[in-house]
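Understanding the architecture of this molecule
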Amino acid sequence: MLDLLADIQRRQGMGMLLITHDLGVARHMADRVGIMYAGQLVEKLPVDPENGLEAAFHPYTRKLMAAVPSLQRAGERLAAIPGRVPPLDQPFAGCRFADRCAHAFAPCAGTVPDWTGLAEDHAVRCHLAVQPEAVRKLETAQTLKMAEPGRASVLAVRGLAVTYTQRTGQMFGKKHIRAVDGISFELNAGETLALVGESGCGKTTAAKAILGLTPASGGEVELDGKNVAGLPERRFKPYRRLAQIVFQDPYSSLNPRMRVGDILQEGMAALGVGETARRSRAIAALLEKVGLSPDAVNRYPHEFSGGQRQRIAIARALAVKPRLLICDEPTSALDVSVQAQILNLLADLQREEGLAMLFITHNLAAVGYLAHRVAVMKAGKIVEIGSARDILVRPQHPYTQGLLASVL
Ligand SMILES: Nc1ncnc2c1ncn2[C@@H]1O[C@H](COP(=O)(O)OP(=O)(O)OP(=O)(O)O)[C@@H](O)[C@H]1O
Ligand code: SF4
Ligand SMILES: [Mg+2]
C-alpha cells in the first residue's frame, strides 16, 4: 500500500499528509514529521535520510521512539508512558505533557512552552530547548524478564486443516477454500510462539479452530494431552477453560451493555471457575494484575480508552485461569506507547502465570520482543518455524526473507 501511495504521489506530483501512529511508516514515507500531543503539535522535524528521526528532541517524541519494539531491543522493557492524555475541556497553564514527563522542571507547570528552533526545519515546543542544561539523563532501560519456557506441553497441533465452503454465484456452485492446510506445531507452558504471515494466510482461522470456534476439517488439536478437535460442544466444554483468546479490536470485543465486573464474571460462572462467593475478590485481584483500578467493575467499556479495554479483555481471558492464551493481533489498534504497555503486561503475565502464548501478529518487531519461537504462515501452510532469533536474523525461506525486508 505504501509503495502504491508513493508511486502515485511521484507520478501526480501530489502533496501528502500522512496520518499514522507508526513511526517506521513516518520515517519511510515522509520528508517532514509533525508530532501531536493533546491537540497540539509539539515538534516538527525533517526526516534525515541516514538517521531517520534520531534528532528528535521533545520528551514525548523520545518516549514514543523508545516504545517501538525491535529485535535489537529484545530483553529490554519497552518504554511505556505513564498516565494518559489530559482531558481537553480545560485551559492549560503550562506544558500539556507536564504530568507525564520525566524531565519536567520548574517552568513546565506554570508557563506554556513556545516554539523554539533547534535547526533548519526543526522546532520544538518544550522549555528544555531553551534551558538545555536542565536536561536530566534519560532513564536507563529496564531489563525485561522473559519467561523461561517449561517442558510441559500445553498445546500440540497436528495436521490441522480448515476448509470454508463459498458459493460461487452459479446455481449450486460451490468452491472450497483451504484456509488452513495442514499445520503442525507444539507449545509448552511459559512459551510464546508467534504466528506471522500476510493478511488472509489463515492465522485467525487456525486460532478459531484451536478454540473449537470453527470446525476443523482434519487434523488434531491436543489441549493438555487430550485431542479436542471435532468434539461436540458438550464434551468440549471442560476444555474451554484451558484456552482463551484476546481479540484484535478492543472496541468490538467487549459487550457495551455489560459492566466490567459482569464481563469478567461471566466466563467464570459459565465454566464454573471458583466459588461464587469468592468471585468478586478474584475479580478485584485480576483488575489489579492488569493495571486497572478496582472501581472499574461498575463501569461500562465505553468509559475506557483502547489500551484499558485491551487490559479488560486480557483480564477476561485470565479470569478462567487458562493455560493457553491466544492473542490475535492484540495491539494493532493501539498507538505505540499503549502497545508498549500491553506488550510489557503480556510478558509479565506470562512469566507470573506460566502461560503458553500463541501470539498472532503482523508486527515482526513485536515478535522479536516477545516471542521465543516463530512460525511463518503462507497460504494456509507453515513454511518456516524456529527460534525467534534464528528466524529474524537468518530467515531461510524466501517468503520469510520477503516479510522481513518489508519491515519499516
Ligand atoms: N467465514 C469464512 N468463510 C469463508 N472464507 C473465510 C471465512 N473466514 C476467513 N475466510 C478466508 O480464509 C482465509 C484465511 O482467513 P484468516 O482470517 O484466517 O486470515 P488471517 O491470516 O487471520 O488474515 P489477517 O492477517 O488479515 O487477519 C482468507 O482467504 C479468508 O478470505
Ligand atoms: S516543557 Fe517541560 S514538561 Fe513539557 S515536555 Fe518539555 S520538559 Fe517536559
Ligand atoms: Mg486475522
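Conventions we followed
- Residues numbered from 1 in each chain as written.
- Chains lettered and ligands numbered in written order.
- Predicted model: local features only at pLDDT ≥ 70, side-chain atom pairs only at ≥ 80, totals over all residues.
- Helix = DSSP H or I, 4+ residues; strand = E, 2+ residues; numbered from the N terminus.
- Rg over C-alpha atoms; globule rule 2.2 N^0.38 Å.
- Buried ≥ 20, exposed ≤ 12 C-beta atoms within 10 Å, placed from the backbone.
- Contact = placed C-beta atoms within 7 Å.
- Domains from an automatic or database assignment.
- Nonpolar A, V, L, I, M, F, W, Y, C, P; charged D, E, K, R; others polar.
- Pairing = 2+ DSSP bridges.
- Axes fitted to C-alpha atoms, helices over the stretch in contact; angles between N-to-C directions.
- Near = placed C-beta within 6 Å.
- Expected span 1.5 Å × (residues − 1).
- Right-handed = clockwise from strand over helix to strand, strands pointing away.
- Left-handed = near helix turned anticlockwise from the far one by under 90°.
- Parallel < 35°, antiparallel > 145°, perpendicular 65-115°, else oblique.

**Side note on the overall build of the chain**
Across its full length, the chain carries 13 helices and 14 strands. For the chain, whose C-alpha radius of gyration is 23 Å, the value lies close to the compact-globule estimate of 22 Å for 408 residues. Each principal axis of the C-alpha distribution contributes one length, and for the chain these read about 70 × 60 × 45 Å. Counting over 408 residues, the chain shows a buried share of 39%. Considering only contacts in the chain between residues 6 or more positions apart, those separated by 24 or more positions represent 64%.

**Side note on the domain arrangement of the chain**
Each domain of the chain was delimited in the assignment, giving domain 1 (31-134) and domain 2 (153-405). Of the residues that constitute the side of domain 1 that touches domain 2, the class distribution is ten nonpolar, one polar and four charged.

**Here we look at helix α3 (residues 59-67)**
Among the nine residues that make up α3, seven are buried, leaving the element largely enclosed by the rest of the structure. Among the residues making up α3, those that are buried are P59, Y60, T61, K63, L64, A66 and A67. Along its buried surface, α3 packs onto α2 (23-29), β1 (32-37), β2 (40-46) and α10 (336-353).

**Remarks on the sheet that holds strand β10 (residues 243-246)**
Within the open sheet, the six strands sit side by side as β10-β11-β12-β7-β13-β14. Their pairing is mixed. Each end of this open sheet is capped by a strand with a single partner; those strands are β10 and β14 (381-387). Mean inter-strand twist for the sheet, computed between neighbouring axes without regard to direction, equals 20 degrees. As paired elements, strand β7 (residues 192-196) and strand β13 (residues 373-378) share four bridges and run parallel to each other. Bridge assignment links V196 to a residue of β13, and that residue is V376. Taken strand by strand, helix α13 (residues 398-405) contacts β7, β13 and β14, and its axis lies near 100 degrees from that of β13.

**Things to note about the site of ligand 2**
The local shell around ligand 2 holds 13 residues, among which C95, C101, A104, C108 and C126 are the closest. Split by residue class, the shell around ligand 2 holds ten nonpolar, three polar and no charged.

**Focus: the site of ligand 1**
Near ligand 1 the following residues occur: Y164, Q166, I177, A179, S199, G200, C201, G202, K203, T204 and T205. At the level of elements, β5 (153-167), β6 (174-188) and α5 (203-210) are the ones that each hand at least two residues to the shell around ligand 1. Partitioning the shell around ligand 1 into residue classes produces four nonpolar, six polar and one charged.

**Quick word on the sheet that holds β5**
Note: strands within a sheet are paired through backbone hydrogen bonds, in either parallel or antiparallel orientation. Pairing is antiparallel in the open sheet, where four strands are placed in the order β6-β5-β8-β9. Across the chains shown, the open sheet's two edge strands, defined by having one partner strand only, are β6 and β9 (226-227). In this structure, strand β8 (residues 218-223) lies alongside β9, joined through two bridges in antiparallel fashion. Directly across from L223, in β9, lies its bridge partner K226.

**Here we look at α10**
Over its 18 residues, α10 extends 25 Å from the first C-alpha to the last, a length consistent with the 26 Å expected when each residue adds 1.5 Å. Counting buried residues in α10 gives 13 out of 18 residues, a clear majority hidden from the surface. Backbone geometry just downstream of α10 places G354 in the positive-phi region, at approximately 65 degrees.

**Describing the pairing of strand β11 (residues 324-328)**
Across the five residues of β11, five count as buried, placing the element largely inside the fold. Alternating positions in β11 separate into two faces, L324, I326 and D328 on one and L325 and C327 on the other, with burial throughout. As judged from the five bridges shared by β11 and strand β12 (residues 356-361), these two strands associate in the parallel manner. Note that in β12 the partner of L325 across the bridge is M357. Crossover handedness for the path β11 to α10 to β12: right-handed.

**Re the packing of helix α7 (residues 260-271) against helix α8 (residues 279-289)**
Interaxial distance between α7 and α8 falls to 10 Å at its minimum, and their mutual angle equals 120 degrees. Here α7 runs over α8; the crossing is right-handed. Packed against α7, whose contacting residues are G261, L264, Q265 and M268, the element α8 presents R279, I283 and L286 at the interface.

**Some words on the packing of helix α9 (residues 306-318) against α10**
What describes two packed helices is the angle between their axes and the distance between those same axes. Interaxial distance between α9 and α10 falls to 9 Å at its minimum, and their mutual angle equals 20 degrees. Looking at the two axes, α9 sits roughly parallel to α10. Where α9 crosses over α10, the handedness of that crossing is right-handed. Contact residues: G306, G307, Q310, R311, I314 and L318 in α9; V338, Q341, I342, L345 and L349 in α10.

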